[in-house]
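Structural features, examined
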Amino acid sequence: MNRPMELMKNMIASVKKGALVACIDVNREFENVGLYLDDIDYAYLCTAFDFHKSWKKELEYEGRDYAIGMRLPYYMHQLGLHDIDIRMNDRVIYVNPDTPNYDETEQDFIEMHGWDEPYNMYRREGLIEYFMNRGDDRAQAEAYITLQTKIADYFKHNANKKSFSKVFGLLIAYGRK
């Protein structure tokens, strides 16, 4: 969410007194560590790339807040809402070989994360430039591509169906005008 305070001011202005204002957004840190794949070291999945520099640059220069989900109730309070609360969506997907429609579910998951697209030179250089523009060096950007390639290969070259799970990290904040 870019410039969340502006958006929230407009939301609050568009509802009647006493109305409920609700915002649903992710906490990117939750999502970042919320992927588990059978046979890939979880510690590697969690630590192969550190997004914090990129997230900080996005916040400073684009107004895009990586932790907006966590900050929403504070922003709501600053904007004059009351009876504020926050909840976490408890949805975690777990897919295993016995899951009905396993192949379709797996393919949807792969496409949702872009792991169906090859990391050709054009895509690699675009990602490297993207991360370098946000404060990471080339080696860090390449580490990200290595991680994403490893995950894509995991799904692409896996003759045996594997289990995987994903936390979506959605936070639901709400308050009354």
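Residues numbered from 1 in each chain as written. Predicted model: local features only at pLDDT ≥ 70, side-chain atom pairs only at ≥ 80, totals over all residues. Heavy atoms only, no water.

1. Here's the deal with the nonpolar core
One recurring pattern in soluble globular proteins: nonpolar side chains tend to sit buried together. L37, F109, W115, I151, F155 and F164 are the most contacted members of the largest nonpolar core, which has 17 residues in total. Those elements that provide at least two residues to this core are β2 (35-37), β4 (92-95), α6 (102-112) and α8 (138-156). Residues in contact with W115, not counting those within four places in the same chain, are L35, F109, I110, Q148, I151, A152 and F155. Membership of the second largest hydrophobic core comes to 12 residues, among which are W55, Y119, L127 and F131. (Core = buried A, V, L, I, M, F, W, Y, C linked by side-chain atoms within 4.5 Å. Buried < 20%, exposed > 50% of the residue type's maximum accessible area, 1.4 Å probe, protein only. Helix = DSSP H or I, 4+ residues; strand = E, 2+ residues; numbered from the N terminus. Contact = heavy atoms within 4.5 Å.)

2. Section: the packing of helix α7 (residues 121-132) against α8
Where α7 contacts α8, the axes come no closer than 9 Å and their chain directions differ by 130°. The angle between α7 and α8 falls in the class oblique. Here the hand of the crossing between α7 and α8 comes out right-handed. Along its contact with α7, which presents R124, E125, L127, I128, F131 and M132, the element α8 presents R138, A141, E142, Y144 and I145. Class assignment of the residues belonging to the contact of α7 with α8 gives a composition of seven nonpolar, no polar and four charged. (Axes fitted to C-alpha atoms, helices over the stretch in contact; angles between N-to-C directions. Parallel < 35°, antiparallel > 145°, perpendicular 65-115°, else oblique. Left-handed = near helix turned anticlockwise from the far one by under 90°. Nonpolar A, V, L, I, M, F, W, Y, C, P; charged D, E, K, R; others polar.)

3. So, α8
Here α8 contains 19 residues, and its C-alpha end-to-end distance of 26 Å stays within 8% of the 27 Å for a straight helix at 1.5 Å per residue. Turning to α8, its buried residues are A141, Y144, I145, L147, Q148, I151, A152, Y154 and F155. The opening residue of α8 is D137, an N-cap whose side-chain oxygen sits 3.1 Å from the backbone nitrogen of A139. (Expected span 1.5 Å × (residues − 1). Polar contact = N/O pair within 3.5 Å; in protein donor to acceptor, adjacent residues only side chain to side chain.)

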